[in-house]
Amino acid sequence: MDAPAPRACSTCFFTDRFPGVTIEADGRCSVCHGNRFAADMTAHLTSGLDELRRMADEWRAHRRGRYDCVVGGSGGLDSSYVLYVAKRLLGLNPLVVRYDHGFFHEAAADNLRRLCGALGVDLEEVRSRGRHDRHFVRHMALAFRPTGLYWAVCAFCGSTIQAVIFRTALREQAPVVLGSTNLFEERLHMKRAAKVALLKRALRRLPPWRWPAFAWHLAMGAWHLLRLRIEFHVPPLSNLFARRPLRPDIRWVTVSRHVPWDVPAMLAALEPLGWRAPHAALPMRFDCMIEDGLVNQTWLRAGGLTVQGVIACNLVHGGVRSRAELAETVAHYEADAPAATAAVEERLGIR
């Protein structure tokens, strides 16, 4: 007997197929009913620019090298706006560093180069000499391919980006690294326990003859992750195993705690400088083909929504966009996931 079709929320894009989500009697999902975005959005949209400007004056006064700060840039919305704030609103001289693992869309890279040119800031692009990032992704993709769940495939990225940024700040004697947190992207709702349960269920169905290859690729993935951490190691030795490098002489400042992270206002500031999002209604998370492919395939299999689909729900809950405004973009990412996965696999040489 076929499984019943999932019930969809009348307000956002969640269905009761998503782990932990139920559809209530009024047709709205449990996430909409328990929406805590209103209070959180107040803090997310509260300006503290005066305090940030005071800190910027201190950074300039204590600068030892050429740059006031370092900004990690991908060409996506958040890092681009951090750069805009640093240069235009704070008057800082930032160095932008872009870590390229080889799977970023060129549209994002073009955004960053145009923005740096328009703002008159220096850009440095960094790649792994041993391509250990690519090797890690390849082995993790091969390990989890039989399950269809690639939860761990991006495990290398965040820590490597931060290590690259801190190494650059050390070299340039820049006292500050500027970053951000986007509430709409941070809240992806699926609990870790649900992810683990889904993966365990898939692994239990793995035939015994596949286990040696699974273990081999996991071991090789771990080896290349260690090599990547060694290549971009930030002293002291303890940082080799830390989730994020820590240095007492370099301060990490989250700009979004001091400046309103208002998506329409951010777009209004960036677009005159040549910055463009492929999907104007949802101008986030469009820079990486791994996410568009392997990660979105995982989320579709696990919960019936892509990463962008969950972010779209958050934009609806935050009152930034309506369901109707986002429907076409959500459908695009769902339809594109198989082709995007094939493109990543072809680049990895496993297709």
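All values reported here derive from a predicted model rather than from experimental measurement.

The rules behind each value
Residues numbered from 1 in each chain as written. Predicted model: local features only at pLDDT ≥ 70, side-chain atom pairs only at ≥ 80, totals over all residues. Heavy atoms only, no water. Helix = DSSP H or I, 4+ residues; strand = E, 2+ residues; numbered from the N terminus. Rg over C-alpha atoms; globule rule 2.2 N^0.38 Å. Buried < 20%, exposed > 50% of the residue type's maximum accessible area, 1.4 Å probe, protein only. Contact = heavy atoms within 4.5 Å. Lys, Arg positive; Asp, Glu negative; His and termini not counted. Charge placed at Lys NZ, Arg CZ, Asp CG, Glu CD. Pairing = 2+ DSSP bridges. Right-handed = clockwise from strand over helix to strand, strands pointing away. Phe/Tyr/Trp six-rings, centres within 6.5 Å; stacked < 30°, edge-to-face > 60°. Lys NZ or Arg CZ within 6 Å of the ring centre and 35° of its normal. Disulfide = S-S within 2.5 Å. Salt bridge = Lys/Arg side-chain N within 4 Å of Asp/Glu carboxyl O. Axes fitted to C-alpha atoms, helices over the stretch in contact; angles between N-to-C directions. Parallel < 35°, antiparallel > 145°, perpendicular 65-115°, else oblique. Nonpolar A, V, L, I, M, F, W, Y, C, P; charged D, E, K, R; others polar. Expected span 1.5 Å × (residues − 1). Arc of directions from axis to C-beta.

(A) Region of the structure containing the overall build of the protein chain. Helix and strand counts for the protein chain stand at 14 helices and five strands. Taking 2.2 N^0.38 as the reference for a compact globule, 351 residues should give roughly 20 Å; the C-alpha atoms of the protein chain span a radius of gyration of 21 Å, in line with that estimate. Relative to its 351 residues, the protein chain shows a buried fraction of 52%. Here the contacts in the protein chain between residues at least 6 apart in sequence split such that 77% fall between residues at least 24 apart. Each charge class in the protein chain was averaged separately, 46 positive and 34 negative side chains, and the resulting centres sit 7 Å apart.

(B) Here's a closer look at the pairing of strand E1 (residues 69-72). Burial of the side chains of E1 extends over both faces: Cys69 and Val71 are buried on one face and Val70 and Gly72 on the other. When E1 meets strand E2 (residues 94-99), the two strands line up parallel, connected through four bridges. Each residue of the ladder has a partner; that of Gly72, found in E2, is Val97. Taken together, E1, helix H4 (residues 77-89) and E2 constitute a β-α-β crossover, and its handedness is right-handed.

(C) Structural context of the packing of aromatic side chains. In this structure the tally under the stated criterion is 11 aromatic pairs. Ring centres of Tyr81 and Trp261 lie 5.2 Å apart, and the angle between their planes is 75 degrees; on these two criteria the pair is classed as edge-to-face. In this pair, Tyr81 sits in helix H4 while Trp261 sits in the loop between strand E5 (251-254) and helix H11 (263-270), placing the two residues 180 residues apart along the sequence. A single burial state applies to Tyr81 and to Trp261, both of which are buried. An aromatic cluster of three or more residues is present, and its members are Phe14, Phe18, Trp151 and Trp299. We note Arg244 situated over the ring of Trp252; from NZ or CZ to the ring centre the distance is 4.7 Å.

(D) Expanded view of the state of the cysteines. Tallied over the full model, the rule gives zero disulfides. Summary of cysteine pairing: Cys154 is not part of a disulfide, and the nearest cysteine sulfur, belonging to Cys288, is at 5.8 Å. With a relative accessible area of 32%, Cys154 lands in the partly exposed category.

(E) Region of the structure containing the pattern of salt bridges. For the structure shown, the criterion picks out 18 salt bridges. The closest approach of N and O atoms between Asp68 and Arg63, which form a salt bridge, is 3.1 Å. Since its relative accessible area comes to 2%, Asp68 is described here as buried. Look at Arg63 and you get partly exposed, because its relative accessible area is 36%. Across the pair Glu345 and Arg145 runs a salt bridge, and its minimum N-O distance is 3.2 Å. Of this pair, Glu345 sits in helix H14 (residues 323-348) while Arg145 is found in the loop between helix H6 (132-144) and helix H7 (157-172), placing the two residues 200 residues apart along the sequence. Among the residues examined, Arg145 registers a relative accessible area of 34% and is labelled partly exposed. Residues participating in the shared-partner salt-bridge network are Arg98, Asp100, Glu106, Asp110, Arg113, Glu125 and Arg127.

(F) Local environment of the packing of helix H13 (residues 307-317) against H14. At their nearest, the axes of H13 and H14 sit 9 Å apart, and the two run at 170 degrees to each other. Considering the angle they form, H13 stands roughly antiparallel to H14. Contacts from Gln308, Gly309, Ala312, Leu315 and Val316 of H13 reach H14 at Arg323, Leu326, Val330 and Tyr333. By residue class, the composition of the contact of H13 with H14 is six nonpolar, two polar and one charged.

(G) A look at H4. In a regular helix each residue adds 1.5 Å, so 13 residues correspond to 18 Å; H4 covers 17 Å between its end C-alpha atoms and thus fits that length. Among the residues of H4, those classed as buried are Leu77, Asp78, Ser79, Ser80, Tyr81, Val82, Leu83, Tyr84, Val85 and Ala86. Trailing H4 by a residue or two, Gly91 shows a phi angle of about 70 degrees, which is positive.

(H) Region of interest: the side chain of Thr160. Along the chain, the position of Thr160 falls in helix H7. Once residues within four sequence positions are removed from consideration, Thr160 is found in contact with Tyr99, Leu228 and Phe232.

(I) Summary view of the environment of Arg243. Relative to the assigned elements, Arg243 resides in the loop between helix H10 (211-231) and E5. Distance in space between the C-alpha atoms of Arg243 and Gly158 is 8.4 Å, their sequence separation being 85 residues. For Arg243, the residues in contact, after removing those within four places along its chain, are Ser159 and Gln162.

(J) The arrangement of H11 in detail. Inspection of H11 places Val263, Met266, Leu267, Ala269 and Leu270 among the buried residues, and these make up the whole buried set. Within H11, the buried residues cover an arc of 160 degrees as seen down the axis, which keeps them to one side. If you follow the buried residues of H11, they end up packed against H4, helix H5 (106-119) and helix H8 (183-186).

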